Amino acid sequence: MSHWLPASPCTPPGCAVHAGPARHPIPAAALLLAGCALTLAGVLCAPLALSLTGGARRERLIRCWAHAVLRAFGVGVRITGPPAVRGGTSVVPITGSPAVRGGAAGTGGGLPGGPAGAVGIRAGTPGVLVVANHVSWLDVPLVAAVCPGRMLAKSDIRRWPVLGPLAAFGGTLFVERERLRSLPATVRSLASALRGGARVVVFPEGSTWCGRGPGGRFRPAAFQAAIDAGAAVQPLRIRYLGGPPDHRAPAGAAAFVGDDPLTASLWRVVRAAGLTAEIRVLAPIPAGAVPGRRELARLAQSTVASDSANLPAESVHH
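Residues numbered from 1 in each chain as written. Predicted model: local features only at pLDDT ≥ 70, side-chain atom pairs only at ≥ 80, totals over all residues. Heavy atoms only, no water.

1. Let's talk about the packing of helix H7 (residues 221-229) against helix H9 (residues 293-306)
Angle between the axes and distance between the axes: these two values describe a pair of packed helices. As a packed pair, H7 and H9 sit with axes 8 Å apart at the nearest point and diverge in direction by 110°. Here H7 is positioned roughly perpendicular relative to H9, judged by the angle of their axes. Like other packed secondary-structure pairs, H7 and H9 cross with a definite hand, here right-handed. Between H7 and H9, the residues in contact are Phe-223, Gln-224, Ala-226 and Ile-227 and Arg-293, Leu-296, Ala-297 and Ala-300, respectively. Here the contact of H7 with H9 is built from residues that sort into six nonpolar, one polar and one charged. (Axes fitted to C-alpha atoms, helices over the stretch in contact; angles between N-to-C directions. Helix = DSSP H or I, 4+ residues; strand = E, 2+ residues; numbered from the N terminus. Parallel < 35°, antiparallel > 145°, perpendicular 65-115°, else oblique. Left-handed = near helix turned anticlockwise from the far one by under 90°. Contact = heavy atoms within 4.5 Å. Nonpolar A, V, L, I, M, F, W, Y, C, P; charged D, E, K, R; others polar.)

In structure tokens form, the structure reads like this:
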């Protein structure tokens, strides 16, 4: 692995541990089958279903599908904050893309994801760069349930059978994580999508963190694309909570970190009773609010981190 790639100190034994109530294996297995079946159905039916619907209906369809995927895996969803800002062209390709743990400077990560679609409001206005902290493969459908957009994902996904071509068809933007020299071309692609009015979703930490602490540094590359395109930045804060209703705390069951196998993470999620995914829409950062990409990255990171200041003491990651 290249030395410049982002790295997280979180490990499955230390962070991805479920300490709350657990489901019996039989209903957990049923949830696992239901979640996988709904995910696969969305991927296979997306090209036909979304080609028959208009922009606003497509966005509603994607949001409903993403929400249903989370519920099928037994995860509750809580959305707080004002409506997310939206970007501009009348037809903008979007996707709840496949992504995997450990992106590059501003890459996305997660599970084989959702259908492509189109959203938009006014022709000729820039799109929106959506940024969020990164905890789990669940982040992908969770973000899509609020503001679906074109995901940035590592290029390995392009070579996956079936899902790779579907991801490309859905408008996923790919980055070569191991090749630093490819980063300027990725930034240009992001800026072009934003200029065209697309909503682009990036996890700028570049790797997953367990959610029990401040998380990783937001890498500035994707923010350069927002500056070049004159696009606003929409920060989101993601948390996964578990435990009894009177003592909710960050849930290790959702964390997908380190060398954790996807199968182990899937099983841990469906066994975790009472797991809730919480996403908070934060105040958008207008285009031109700060002069440079590093300043913009720090502002977005501090916006997301300050929203976590009220986490209970036991959530601090040491």
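And the narrative resumes.
2. Regarding the packing of aromatic side chains
The geometry of two aromatic rings is summed up by the distance between their centres and the angle between their planes. Evaluated as defined, the whole model comprises two aromatic pairs. A centroid spacing of 5.3 Å and a plane angle of 75° characterise the contact between Phe-73 and Trp-137, whose relative ring orientation is edge-to-face. Taken as a pair, Phe-73 in the loop between helix H3 (55-72) and strand S1 (76-80) and Trp-137 in the loop between strand S4 (128-132) and helix H4 (139-144) lie far apart in primary sequence, 64 residues in all. With a centroid separation of 6.4 Å and an interplanar angle of 20°, the aromatic rings of Phe-218 and Phe-223 are classed as stacked. Each member of the pair, Phe-218 as well as Phe-223, carries the same accessibility label: buried. (Phe/Tyr/Trp six-rings, centres within 6.5 Å; stacked < 30°, edge-to-face > 60°. Buried < 20%, exposed > 50% of the residue type's maximum accessible area, 1.4 Å probe, protein only.)

3. Comments concerning a positive patch on the surface
Together, Arg-217, Arg-293, Arg-294 and Arg-298 make up a region of like positive charge exposed at the surface. Relative to the elements of secondary structure, Arg-217 occurs in the loop between strand S7 (199-202) and H7. (Patch = residues over 30% accessible without salt bridge, like charges linked within 9 Å, V, L, I, M, F, W, Y side chains within 5 Å. Areas by Shrake-Rupley, 256 points an atom, 1.4 Å probe, with all protein chains shown as cover. Salt bridge = Lys/Arg side-chain N within 4 Å of Asp/Glu carboxyl O. Lys, Arg positive; Asp, Glu negative; His and termini not counted. Charge placed at Lys NZ, Arg CZ, Asp CG, Glu CD.)

4. Quick look at empty space enclosed by the protein
With a probe scaled to a water molecule rolled over the atoms, the places where space remains empty come into view. Applying the stated criterion across every chain, the model contains four cavities of 30 Å³ or more. The volume enclosed by the second largest cavity comes to roughly 60 Å³. Taken together, Asn-133, Val-135, Cys-210, Gly-211, Arg-237, Ile-238, Arg-239, Tyr-240, Pro-250, Ala-251 and Ala-254 make up the full set of residues lining the second largest cavity. When residues of the lining of the second largest cavity are assigned to their parent elements, the largest contribution, four residues, is made by strand S8 (residues 232-242). Of the residues assigned to the lining of the second largest cavity, the class counts are seven nonpolar, two polar and two charged. (1 Å grid on protein atoms, 1.4 Å probe; cavity = no way out; pocket = protein on both sides within 12 Å on 5 of 7 lines; lining within 4 Å. Points joined across faces, edges and corners; volume = space filled by probe spheres on them.)

Everything listed here is a matter of coordinates, which is why it stays silent on function.
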